[in-house]
Amino acid sequence: MNFTFTTTRDTAYIQFKDLIGRKTLFLILGDKSIDAWDMLHNQRYDKASILLFLPFFEIIQPNDMRRFLWGEIPKIFSDPEIIKNQSEQISGRIQFRSNQTEHGPLVEHVTFNMKDERQKIEMVLMDREYDVQYPHLIRKIPDSIPPIKVNS
């Protein structure tokens, strides 16, 4: 799926589209919060249901995902001491690949390998436009969208 994103100082807004161009998923990433809107089925997901739908959020926090969108490797994945302390708690593996750009080295590819799910998810950033905002993405999920109830 293709996606377009814009970030502010403390929030990222990501709009996914399917192969035929339909808006399928809208994510709002705060520091510790994730909200998702399944636009095809007109349903809202809370953090618990998002973990079932997008299990890679078990190994990366929303604020770290925002750092990746900016092109940085989050500190939790680059500091050897943190990696050593976290390795027992992470239920998968994450790999970053950077490329040298006019703005310095920037992450362009991230791979999530989920142990329990036997899934591999790859995100590739083909283009970043710095100092450009997409106002149509900076919005809230309408309150009229019904939340999904996940049975534990």
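Because the structure is predicted, anything quoted here is derived from the model rather than measured.

1. Let's talk about unusual backbone geometry
Glycine aside, residues mostly have negative phi, and peptide bonds are mostly found in the trans state.
Here is step 1 of the chain: Of note, the phi angle at Asn 42 is positive, near 55 degrees, even though the residue is not glycine.
Here is step 2 of the chain: Looking at the element boundaries, Asn 42 is found in the loop between strand 4 (34–38) and strand 5 (43–45).
Here is step 3 of the chain: Classification of Asn 42 as partly exposed rests on a relative accessible area of 36%.

2. Looking at the sheet that holds strand 7 (residues 104–114)
Here is step 1 of the chain: With antiparallel pairing, the 3 strands of this open sheet are ordered in space as 6-7-8. Only two strands of the sheet have a single neighbouring strand rather than two, namely strand 6 (92–101) and strand 8 (119–124). Strand-to-strand twist in this sheet, taken as the mean axis angle between neighbours without regard to direction, amounts to 20 degrees.
Here is step 2 of the chain: Sitting on the sheet, helix 2 (residues 62–70) is in contact with strand 6, strand 7 and strand 8, with an inclination near 135 degrees to strand 7.

3. Structural notes on the sheet that holds strand 4
Here is step 1 of the chain: Within the open sheet, the 5 strands sit side by side as 1-2-3-4-5. Their pairing is antiparallel. With partners counted over all chains shown, the strands left at the sheet margins are strand 1 (2–7) and strand 5, one partner each. Averaged over all neighbouring strand pairs, the angle between strand axes comes to 15 degrees, with direction disregarded.
Here is step 2 of the chain: Across 6 bridges, strand 1 lies against strand 2 (residues 12–17) in antiparallel orientation. From the neighbouring strand, Phe 5 faces strand 2, where its bridge partner is Ile 14.
Here is step 3 of the chain: This element, helix 2, spans strand 1, strand 2, strand 3 (23–29) and strand 4 of the sheet and lies at about 100 degrees to strand 1.

What counts, and where the lines are drawn
Residues numbered from 1 in each chain as written. Predicted model: local features only at pLDDT ≥ 70, side-chain atom pairs only at ≥ 80, totals over all residues. Heavy atoms only, no water. Helix = DSSP H or I, 4+ residues; strand = E, 2+ residues; numbered from the N terminus. Buried < 20%, exposed > 50% of the residue type's maximum accessible area, 1.4 Å probe, protein only. Pairing = 2+ DSSP bridges. Axes fitted to C-alpha atoms, helices over the stretch in contact; angles between N-to-C directions. Contact = heavy atoms within 4.5 Å.

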